[in-house]
Amino acid sequence: MPSQRKPRLGRLPTNLTLTRLLAVSLLAFLAHASESARGGELTMAEFRELHQQLQVPADTPWRTIPWKTAMLDAQRTAAQQAKPIFIWAMDGHPLGCT
Amino acid sequence: MLDRESTFADPEIVNLLKTRFVPVAIDQANQRRQQDTEGDFYRKIAGQGPRSDFNGTTQGFYIATAAGKLLLYNNNRDPAKVRRLMHEKLAEFDASDAATARTSELSAAKVDARYNLDPPADGLVIRVQAKVLDGYEPTTNRWRAIFQSALSRDNLWVTASEHQALVRGEFPRSLQTRMARFHLVDNTRGEPPMWSEKEIRNIDMQIRDGQVTGTAHLETAQGKRGFEPSMLGVVEVDQGAVVRFDMVAKGDFWGAGPYTGGAPAGRFPLAISFTLADGSDLADRLPPQGSRGWLRGYLR
């Protein structure tokens, strides 16, 4: 009996140790994977979602207007096409800055 | 910001600008100062209006002929008013000699290098866009609502040597500092104060296996304004050049500047995206706001 019990008792802790080792390894792996996918509080999923959210759609009305960015360029086109110039003059560039 | 989402969101105004006008968008802080043909032509027009002191702002909407005759100055963005004025001035233009007379095209006889900035050769242009994610009090005010949902836009310029460092998988200190000082800002409600070097309490950015990670702590001496973002992103390199730079900085921001009032109370979440520009957007060619007046200081 003792001889039967001994190996059994002996196997139990071994199995537990292996299970613990596996669990610890899994946790360590998950922690590493999680850490490598995070930048502080940002996760890769948040990064992807926010990066997509923080893009201006190309069809936003003001972006469909063929703005010139130089007065001389506008002057030449206005002279060629006999059109008036509409100037949007701001503090900071109106197409960027803010 | 307000103009984009009000005046230039009006379908009729957009159509008029596309078909009947030559639209031009400028940072008048440059044109009213620059000593060249570009500046001379702007000052010729603006000088006929009420804001003819070029030591101060001349911002607003102008309508003018190619010969430089001012037809309209207006600093009211209400779409109905702008629409009415555009029609009135078009009728005035059509009835004038300007509609039929041949006007000489101006050439750039003089170019003031201080105000004609090009991105660094062999460097990169990265789009920067910011948004306040939460924290505003609910509002029914139309203009305040535009600010509260605003997405800002600026460009980050990267020098050739910094570009090559990124290719090698390094995030150079100069680029980290520039990013912190001029681009980790809340510019969603107007021109923001940039950070001084002393206000960078910490910034630490790294690239590992194509992934950008980092944290920063920016704060004024008195602690009235600050930002504590984390950064995460992706850099891809092909044939010795960066072909993808996507990054997000997100964290708590607090405080505001003289021209960015109306911020949420206390700490609020601010997110800023960085995206490699491909030249498809008109704004890709604009110099960074932080380079205005001192490109060397911006790029150092």
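As shown above, the structure is provided for reference.
What you see is a predicted model; the values in this text were computed from it and never measured. All residue numbers refer to position in the chain's written sequence, counted from 1. Note on labels: chains are lettered from A, ligands numbered from 1, in written order. Predicted model: local features are reported for residues with pLDDT of at least 70 only, side-chain atom pairs are reported and counted for 80 or more only, and whole-chain, interface and lining totals are derived from all residues. Hydrogens and waters are ignored; side-chain quantities use all the structure's heavy atoms.

Peer 1: Quick question: what am I supposed to make of the sheet that holds strand 4 (residues 124-132) of chain B here?
Peer 2: When DSSP finds two or more bridges between a pair of strands, those strands are recorded as paired. Counting from the N terminus, the helices are the DSSP runs of H or I reaching at least four residues and the strands are the DSSP runs of E reaching at least two. A sheet is described by the order of its strands in space; here seven strands give the open sequence 5-4-10-9-8-7-6 (chain B), paired in antiparallel fashion. Of all strands in the sheet, those with a lone pairing partner are strand 5 (154-158) and strand 6 (200-208) of chain B, marking the two edges. Sheet twist, expressed as the average angle between the axes of neighbouring strands with direction ignored, equals 20 degrees. By definition, residues are in contact when any of their heavy atoms lie within 4.5 Å. To obtain an axis, a line is fitted to C-alpha atoms, over the contacting stretch when the element is a helix, and the angle between two such axes runs from 0 to 180 degrees between their N-to-C directions. Helix-sheet contacts for helix 2 (residues 44-53) of chain A involve strand 4, strand 7 (211-219), strand 8 (226-238), strand 9 (241-254) and strand 10 (267-276) of chain B, and the interaxial angle to strand 9 of chain B is about 95 degrees. Relative to strand 9 of chain B, helix 7 (residues 160-167) of chain B is tilted by about 95 degrees, and along the sheet it contacts strand 4, strand 5, strand 6, strand 8 and strand 9 of chain B.

Peer 1: Explanation requested: the interface of chain A and chain B in the structure shown.
Peer 2: Interface size is commonly expressed as the accessible surface area that is lost when the partners come together. Counting residues at the interface gives 53 residues for chain A and 81 residues for chain B. Using a 1.4 Å probe, buried area is obtained as the accessible area two parts lose upon being combined, added over both of them. Summing both partners gives a buried area of about 6300 Å² for chain A against chain B, and 64% of it is carried by carbon and sulfur. When a carboxyl oxygen of Asp or Glu is within 4 Å of a side-chain nitrogen of Lys or Arg, the pair counts as a salt bridge. The interface formed by chain A and chain B includes two salt bridges. Each polar contact in these results corresponds to two N or O atoms within 3.5 Å; when the atoms are within protein, one needs to be able to donate a hydrogen and the other to accept it, and residues that are neighboring in sequence are counted only if both atoms are side-chain atoms. Remark: the boundary between chain A and chain B carries 36 residue pairs in polar contact (both at pLDDT 80 or more). Within the residue set of the side of chain A that touches chain B, elements represented by two or more residues are strand 1 (38-39), strand 2 (42-43), helix 2, helix 3 (61-64), helix 4 (71-81) and strand 3 (85-90) of chain A. Top contributing element to the side of chain A that touches chain B by residue count: helix 4 of chain A, with nine residues. Basically, the charged four are Asp, Glu, Lys and Arg, the nonpolar ten are Ala, Val, Leu, Ile, Met, Phe, Trp, Tyr, Cys and Pro, and anything else, Gly included, counts as polar. The residue makeup of the side of chain A that touches chain B, split by class, is 29 nonpolar, 16 polar and eight charged. When strand 3 of chain A meets strand 1 (residues 22-27) of chain B, the two strands line up parallel, connected through six bridges. Bridged to A:Met90 within strand 1 of chain B is B:Asp27.

Peer 1: Looking at this structure, how should I read empty space enclosed by the protein?
Peer 2: One water molecule sets the probe size; rolling that probe over the atoms shows where empty space is left. Residues and elements named next belong to chain B. Grid points spaced at 1 Å and placed over the protein atoms alone form the basis of the search, with a cavity being a set where a 1.4 Å probe fits but cannot get out and a pocket an open set showing protein on both sides within 12 Å along at least five of seven lines. Lining residues have an atom within 4 Å of a point. Grid points are joined across faces, edges and corners, and a volume is the space filled by probe spheres set on the points. A complete count under the given rule lists two cavities of 30 Å³ or more for this structure. Of the volumes computed, that of the largest cavity is approximately 40 Å³. Lining of the largest cavity is provided by Val185, Asp186, Pro192, Pro193, Trp195, Arg225, Phe253, Gly255, Ala256, Gly257 and Thr260. In terms of residue class, the lining of the largest cavity is built from six nonpolar, three polar and two charged. For the second largest cavity, the calculated volume is near 40 Å³. Along its surface, the second largest cavity is lined by Val128, Gln129, Ala130, Ser152, Asp154, Phe182, His183, Val185, Asn187 and Ile272. Elements that contribute at least two residues to the lining of the second largest cavity include exactly strand 4 and helix 8 (173-183). For the lining of the second largest cavity, the leading source of residues is strand 4, giving three residues. Among the residues making up the lining of the second largest cavity, the classes are represented as five nonpolar, four polar and one charged.

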